[in-house]
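Reading the structure
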Amino acid sequence: MTVLEDALNQNLTNDFREVANEEKVDVNKILKTVSKGQAVIVKRTNSKPVAIGFPFRTKINVNIGTSTSIANVETELEKVKIAEKFGADTISDLSMGGNIDKIRKKILDISTLPITTVPIYQTVVTANSTGSITDDLIFTIIENHLKDGISSLVIHCGFTLEDLNKMKGKRIMGMVSKGGSYTAAYMIKNEVENPFLKNFDYLLEMLNKYNAVLNLGNAMRSGCIHDKIDEFQLNELKLNSKLAKKANNKGVQVIIESLGGHTLAKDLIKYLKLCRRITNRRPLFVSGPIPTDFAPGYDHIAAAIGGAFASSFGADYLCAITPAEHLCLPSVDDIKKGLITCRIAAHVGDSFKFGLNYLFNNDLHLSNYRFQKNWQRQFEYSIDPVKPQKKHPINEDICSMCGKYCALSISRKLFNNKPSKKF
Ligand code: SF4
């Protein structure tokens, strides 16, 4: 049985128990939200299940993978390790260079996290050497990924040939989703309908057989804030919602990706509310969103600002954006920076969603140790315990910012050196 079928049958498996324990949510509530399609549990055989949706902590995906320009497998494996070390919940292997099958298997071997792929990427690379994309090739690659143990697949189903024909000349940035643009190019070149939409029942059969999650990709996301949220994004959201319902009826869990790309801050909350309503509160995955276009080199920060908004108002799952966005294949350090900034965004979003619950114990401990000027303990509770030590060695008492006129030292004397709250 798939996770969704277990939930529908009230079959209390270890996955549900583990999630209840990890997230401190009543197990019956988990069964209920999963059975309604409002949360999913992503997993691999013998790995920790990860719950995505309300009422769970906002989760974070990290993209890694080779390109046709740089295909260093060891570097990608290093990225997997750094992503796990600094708190990624899932990893997406987006490899398009080198031996893609081998890289995917190596990532599955060294990682303990659920792994996602976008099979149309490998389809395009394979077709480049075999001649052309066919539906058979697409579904052979999908099945290969599932057989290897991939937990979730990103599939761009939410648009038709008619949508593509209407879209011409209506946007500054056109279509910026890689998977979406590859699928669209195949459709326009061959004048055929969306292959995933056409074969959706077959896709669901496969996903059900391998107990994998369907991640309905956001092909129509906007590539700049001036493109705004348009009819194509809304049509995709509506179509994906219908497809999600159909998938759930076949026992397949679904995540809906939307609002990604570059989105005007003014539109974010309105659109998030709309997403929740149209999708009947299905798990929402957002890539960014990046609320400005003028920050190349700093897009991880721009995306974290958008991500904090998104998480606060309904996104359940964020994709980390690195400083290399739009510029080059990210380095290991870029992956770390993107992940840390995204974790901050998710944490801020969770404080909005849940208030100061157990997720915020680190903040409480850190603040009390900060007041005491206990640098070592303060850093232990921080998101990256190593980086602050480079600015302030733990055995140094004085902080050079205010020197001997330190407000905290004065305050400690005024308030008898007592922490402000018990912990
Ligand atoms: S010296 Fe200033 S910045 Fe440093 S801990 Fe004290 S109050 Fe904070």
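Residues numbered from 1 in each chain as written. Predicted model: local features only at pLDDT ≥ 70, side-chain atom pairs only at ≥ 80, totals over all residues.

Some words on the overall build of the protein
Looking only at helices and strands, one finds 19 helices and ten strands in the protein. Taking 423 residues into account, the globule formula puts the C-alpha radius of gyration at 22 Å, and the protein, at 22 Å, falls close to it. Projected onto its principal axes, the C-alpha coordinates of the protein cover approximately 75 × 50 × 40 Å. The buried share of the protein, taken over its 423 residues, is 43%. For the protein, the proportion of contacts with a sequence separation of at least 24, taken over those separated by at least 6, is 72%. (Helix = DSSP H or I, 4+ residues; strand = E, 2+ residues; numbered from the N terminus. Rg over C-alpha atoms; globule rule 2.2 N^0.38 Å. Buried ≥ 20, exposed ≤ 12 C-beta atoms within 10 Å, placed from the backbone. Contact = placed C-beta atoms within 7 Å.)

Here we look at the nonpolar core
Ranked by size, the top nonpolar core spans 95 residues in total, and within it Val34, Ile52, Val62, Leu214 and Leu318 carry the most contacts. For this core, the element with the highest residue contribution is helix H14 (residues 299-312), accounting for six residues. (Core = buried A, V, L, I, M, F, W, Y, C linked by C-beta atoms within 7 Å.)

Digging into the sheet that holds strand E8 (residues 254-257)
Strands sit in the order E3-E4-E5-E6-E7-E8-E9-E10 around a closed barrel of eight strands; the barrel is parallel. Each strand axis lies, on average, 25 degrees off the axis of its neighbour in the sheet, ignoring direction. The pairing of strand E4 (residues 90-93) with strand E5 (residues 115-117) spans three bridges and is parallel. Paired with Ser92 across the bridge in E5 is Thr116. On the sheet, helix H12 (residues 231-249) packs against strand E7 (213-216) and E8 and is oriented at approximately 170 degrees with respect to E8. (Pairing = 2+ DSSP bridges. Axes fitted to C-alpha atoms, helices over the stretch in contact; angles between N-to-C directions.)

A closer look at the domain arrangement of the protein
Note on interface size: it is often stated as the accessible area lost on association of the parts. Segmentation of the protein into domains returns domain 1 (52-354) and domain 2 (358-414). The distance between the C-alpha centroids of domain 1 and domain 2 comes to 38 Å. In this complex, domain 1 contributes seven residues to the contact, which on the side of domain 2 involves four residues. Here the side of domain 1 that touches domain 2 is built from residues that sort into three nonpolar, one polar and three charged. (Domains from an automatic or database assignment. Nonpolar A, V, L, I, M, F, W, Y, C, P; charged D, E, K, R; others polar.)

Topic: the site of the ligand
Looking at the ligand, the residues that line it are Cys399, Met401, Cys402, Cys406, Ala407 and Leu408. When its residues are assigned to classes, the shell around the ligand shows six nonpolar, no polar and no charged. (Near = placed C-beta within 6 Å.)

Details of the pairing of E4
The two faces of E4 match: Thr90 and Ser92 on one face and Ile91 and Asp93 on the other face are all buried. Pairing geometry for strand E3 (residues 59-64) and E4, over four bridges, is parallel. Of the residues in E4, the one forming a bridge with Asn63 is Ser92. Assessed by its sense of winding, the connection that carries the chain from E3 through helix H4 (residues 73-85) to E4 is right-handed. Between the parallel elements E4 and E5, the chain passes through helix H5 (residues 100-110) in a crossover that is right-handed. (Right-handed = clockwise from strand over helix to strand, strands pointing away.)

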